Amino acid sequence: MKKKLKKKLSMKKILVYILLFIGALIMLVPFIWMVSTSFKNTQEVFTFPPQLFGERIVWENYTQISDRFDYVKYFTNSVIVSAWVVFFQVLTSASAGYVFAKMNFKGRDKIFLLYLSTMMVPVYVTIITNYIQMSKYGLVNTLWSLMLPASVSAFGTFLMRQFFLTVPTELIEAAKMDGCNPLLIFFKICLPMAKSTIATLAIFCFMGTWNDYFTPLIYLNDSEKFTIPLGLANMQGLYSTNWPVLMAASVISVLPVLIAFLFAQDAFVKGVMMSGLKD
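Each chain carries its own residue numbering, running from 1 in the direction its sequence is written. Reporting in this predicted model follows two pLDDT cut-offs: at least 70 for local features of residues, and 80 or more for side-chain atom pairs to be given and counted; totals over whole chains, interfaces and linings ignore these cut-offs and use all residues. Each side-chain value is derived from all of the structure's non-hydrogen atoms; neither hydrogens nor water enter the calculation.

### Remarks on the packing of helix α6 (residues 108-116) against helix α9 (residues 154-164)
Under this scheme, a helix contributes an axis fitted over its contacting stretch, all axes are lines through C-alpha atoms, and angles between N-to-C directions fall in the 0 to 180 degree range. Strands are runs of DSSP state E lasting at least 2 residues, helices are runs of H or I lasting at least 4, and numbering of each runs from the N terminus. Where α6 contacts α9, the axes come no closer than 9 Å and their chain directions differ by 135°. Here α6 lies oblique to α9, going by the angle between them. For the pair formed by α6 and α9, the contact residues are F112, Y115 and L116 on the first element and A154, T157, F158 and R161 on the second. Each angle gets one of four labels, with under 35 degrees taken as roughly parallel, over 145 as roughly antiparallel, 65 to 115 as roughly perpendicular, and the rest as oblique. The criterion used for residue contact is that any of the two residues' heavy atoms lie within 4.5 Å.

See below:
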């Protein structure tokens with residue numbers, strides 16, 4: 001009986017792994033095809049039946065990216081915007097999450113629920129009022145219109161609050177008895193404990209900002225201020241598109257997100273698990 005049960009369990013595991021492998025392969029196909037297309041010439045892109053590899057590797061596609069478009073400027077703008085948003089969104093979310101989790105004041109839970117309810121409002125509903133506000137401040141067609149509104153996040157506050165709820169209150173009380181003020185407790189005790197959750201929030205924030213197409217499309221008019229998603233859309237011609245060069249640019253645009261996730265994947269998984277341990 002035990003041997004049969006072990007065989008059944010092993011067969012189930014093998015089946016699960018096979019299904020997971022097939023699912024991972026299906027999700028990787030578009031990325032693999034994008035990379036392969038970036039090394040082909042224009043004629044080989046539309047051959048039938050489709051071929052994964054061309055007759056030779058066309059490295060020139062990567063050197064031609066900046067010939068017609070200022071791709072380096074697009075990349076730099078995206079780096080500036082993403083770095084600002086990640087830093088300040090993590091800082092404000094961690095601060096607000098700690099306040100809502102560990103500091104007692106009148107109406108705390110009601111204020112938090114009100115703040116959290118803003119997540120139910122679609123961005124498309126507020127885009128006109130936000131644009132008018134940015135216009136009054138003279139921030140339209142500047143990178144500040146992308147950075148300032150995204151410096152705070154209700155989702156980030158919720159994520160950090162969920163972690164700080166798991167921090168023992170006795171630890172904070174002990175720190176107070178040793179003479180620590182709330183600021184020192186936050187920076188010296190609670191924040192170092194939240195490294196995994198901070199990494200999770202940073203990855204979510206970085207991916208959302210780096211891949212954001214809608215917001216730059218609304219606020220930016222000057223091509224010198226375009227971010228990568230707008231730049232890639234700008235590389236598509238009205239009558240013709242150099243698809244190998246466009247795919248080469250897309251590969252480069254994906255690399256920062258891929259590298260960030262690979263370096264922080266352990267902290268990402270741990271942060272997602274720990275952030276939902278306590279209501």
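So much for the structure itself; the text now carries on.
### A closer look at unusual backbone geometry
Not every positive phi belongs to a glycine, and N141 is a case in point at roughly 65°. When you line up the elements, N141 lands in the loop between α7 (123-136) and α8 (144-147).

### Things to note about the pattern of salt bridges
Only one rule defines a salt bridge in this text: a Lys or Arg side-chain nitrogen within 4 Å of an Asp or Glu carboxyl oxygen. Scanning all chains against the criterion turns up two salt bridges. Between D109 and R108 there is a salt bridge, and its shortest N-O distance comes to 3.4 Å. Overall, D109 belongs to the partly exposed group, its relative accessible area being 44%. Think of it in three bands: with a 1.4 Å probe and only protein chains considered, a residue is buried below 20% of the maximum accessible area for its type, exposed above 50%, and partly exposed in between. Residue classification places R108 among the buried residues on the basis of a relative accessible area of 17%. Here K225 ties to D222 by a salt bridge, and the two come within 3.6 Å at their closest N and O atoms. Under the relative-accessibility criterion, K225 is labelled partly exposed at 26%. In this structure D222 comes out as partly exposed when scored by relative accessible area, which is 28%.

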